[in-house]
Amino acid sequence: IPHFSTVSVEHLSRSDSWPKDVGILALEVYFPSQYVEQVELEKYDGVEAGKYTLGLGQKQMGFCSAHEDINSLCLTVVQRLVERSRLSWDSIGRLEVGTETIIDKSKAVKTVLMQLFQDSGNTDVEGIDTTNACYGGTASLFNSVDWVESSSWDGRYAMVVCGDIAVYATGNARPTGGAGAVAMLVGPEAPLVLERGVRGTHMEHVYDFYKPDLASEYPMVDGKLSIQCYFRALDQCYSVYRKKIQSQWQKVGVDKPFTLEEFQFMIFHTPFCKLVQKSVGRMMLNDFLAAPNPDTQSGLYKGLQAFRGVKLEDTYSDKDVEKAFQKASLEMFSQKTKPSLLLSSRNGNMYTPSMYGCLASLLAQYSAQQLAGSRIGAFSYGSGLAASLFSMRVSQDAAPGSPLDKLVSSLSDLQTRLDVRKRVPPEEFAEIMKQREKSHHLVNHTPQGSKDDLFPGTWYLERVDDKHRRQYARRLQPLYRLLTNLLLRFWLHFSPHLLLYALPIMAHEGPGPPGQPPRPG
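So, how was this worked out
- Numbers given to residues run from 1 along each chain, matching the order in which its sequence is written.
- Totals for whole chains, interfaces and linings use all residues, but because this is a predicted model, local features are given only for residues with pLDDT of at least 70 and pairs of side-chain atoms are given and counted only at 80 or more.
- The side-chain values count all of the structure's non-hydrogen atoms but skip hydrogen atoms and water molecules.
- Cavities and pockets were defined on a 1 Å grid built from protein atoms only: a cavity is a group of points that admits a 1.4 Å probe but offers it no way out, a pocket is an open group of points flanked by protein on both sides within 12 Å along at least five of seven lines, and a lining residue is one with an atom within 4 Å of any such point.
- Grid points are joined across faces, edges and corners, and a volume is the space filled by probe spheres set on the points.
- Secondary structure follows DSSP: runs of H or I at least 4 residues long count as helices, runs of E at least 2 residues long count as strands, and numbering of each begins at the N terminus.
- Charged means Asp, Glu, Lys or Arg here, nonpolar means Ala, Val, Leu, Ile, Met, Phe, Trp, Tyr, Cys or Pro, and polar covers whatever is left, Gly included.
- The convention used is that axes are lines fitted to C-alpha atoms, helices contributing only their stretch in contact, and that angles between N-to-C directions extend from 0 to 180 degrees.
- Angle categories: roughly parallel below 35 degrees, roughly antiparallel above 145, roughly perpendicular from 65 to 115, and oblique for all the rest.
- In this scheme the handedness of a crossing depends on how the near helix is turned from the far one: anticlockwise by less than a right angle means left-handed, clockwise means right-handed.
- Residue contacts are counted whenever heavy atoms from the two residues lie within 4.5 Å of one another.

Colleague: Can you tell me about empty space enclosed by the protein, naming the residues and giving the values?
Modeller: Counting across every chain of the model gives three cavities of 30 Å³ or more. Of the volumes computed, that of the largest cavity is approximately 200 Å³. Considering the residues around the largest cavity, the lining is formed by 17 residues, among which D69, R436, S439, H440 and R470 are closest to the centre. For the lining of the largest cavity, the elements supplying multiple residues, two or more each, are α15 (426–439) and β16 (459–464). In terms of residue class, the lining of the largest cavity is made up of seven nonpolar, five polar and five charged. Taken together, F231, K278, G281, R282, L285, T315, Y316, V321, E322 and F325 make up the lining of the second largest cavity. At the level of elements, α7 (273–290) and α8 (319–328) are the ones that each hand at least two residues to the lining of the second largest cavity. Residue composition of the lining of the second largest cavity, by class: five nonpolar, two polar and three charged.

Encoded structure:
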């Protein structure tokens, strides 16, 4: 009988061998450079004033030009995170993409992103795409954290990429669209640590939102059912989360109920902002019904005695319950959640990146000192359905130059980036949507229109050839392009015979994938 060494097992069983404080080290957001005003869209669509702005809680909606697809969005956000964080491509050992924007039934977005690693020679990068509606990004985050905490970890960073283009056919659902991508760097000693052992998850089979037509970008949506499913999933996830964290507390001698008060901040997957405000009230309803003897004469639950006997499953469409708890939780919503809706209200629903855009919005509007030591609750929902409620603890170290300080500082330009986008009239927006319908899955196709409105540094779709192969290029920073052309002109002054080689470079918007020759813009 062979003898197997137990050294590695003993090593792994020691508590000090686990990577400590695994979570989010850095975060980057990308959203389109153009948007439409929801108040103008109301007029264009001929609906009553306030339907989109007050009814949905939306101010603006970002949308992609014909030059952008899911691959270009993810290329942009990954490159931006690596550049701004001054990372080496060799330092990434796992990269997983969460998306529901499928343009190829076989080839993963992750494989397209590998062209960014080409010059580094790093091909040892685990992870592929994960898909279930808006939940894929959260599944990718969980997988990445689990990888770092596992025996498979090789000491390098994991990167999570969430990206989607949310577009709808003309009608009631169209103003709930949006687009964007988020990239997160995951590793130990993080300023945002995912709390272990307390995730609450709920999954079930339901047709609330789905995309059976693979030739179209548009989904099938049962709006009323989807909202009911969202609330039911929130109830179930919150219940499981509370049981798990209360069990942890009891083991260390703390015997008290967990309530919404324990979250200093609470962020949500945000199809539209009004749903999130109702969700805070929904969580308060859960706390109220779970409390043994709630005080309905004063304080938080004042005047809510009439709802003491309701059952959660009977309240999904109960407007009286909804209004009462939305009103009672208004201050809590304003303090814990409203600041996180900056990006959602001005860019719309990004699908998988939606909740992480809320996290970025939160970090962009508070100082490291204000955030230090707080607990951030996070509810992620994907139709069909898959949902989880989990929490992150913010580092206590808010000193200048600390990981938390660097993370917060990196997102301080979020508001400015939103402000410099181009406003597009509804008529032009509608025409661009028609063009997207016509060009979706076309071969031998070059996207029409100008690339000048794209943010500098944005990757874009350059061409689709006759075999559906997609080619991408990057719009360089204006200063970089100017310096490049000046150097080339200087070079040509002394070596005019090289003009043939220089012209494509001078005309090119940006380099293609590493290892490929420059292409004309």
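Colleague: Outline the packing of helix α6 (residues 223–251) against α7, supporting the account with residue identities and numerical values.
Modeller: One can describe the packing of α6 onto α7 by two numbers: an axis separation of 10 Å at closest approach and a directional angle of 45 degrees. In terms of orientation, α6 and α7 fall into the oblique class. Relative to α7, the crossing made by α6 is right-handed. Side by side, α6 and α7 meet where I227, Y230, F231, L234, D235, Y238 and R242 of the first sit next to L275, K278, S279, R282, M283, N286, D287 and A290 of the second.

Colleague: Which residues make up the packing of α7 against α8, and what values go with them?
Modeller: Helix packing for two helices is described by the angle between their axes and how far apart those axes are. Taken N-terminus to C-terminus, the directions of α7 and α8 make an angle of 90 degrees; their axes are 8 Å apart at the nearest point. Here α7 lies roughly perpendicular to α8, going by the angle between them. Facing K274, Q277, K278, G281, M284, L285 and F288 of α7, the residues of α8 in contact are K319, V321, E322, F325, Q326 and A328. Taken together, the residues of the contact of α7 with α8 break down into six nonpolar, three polar and four charged.

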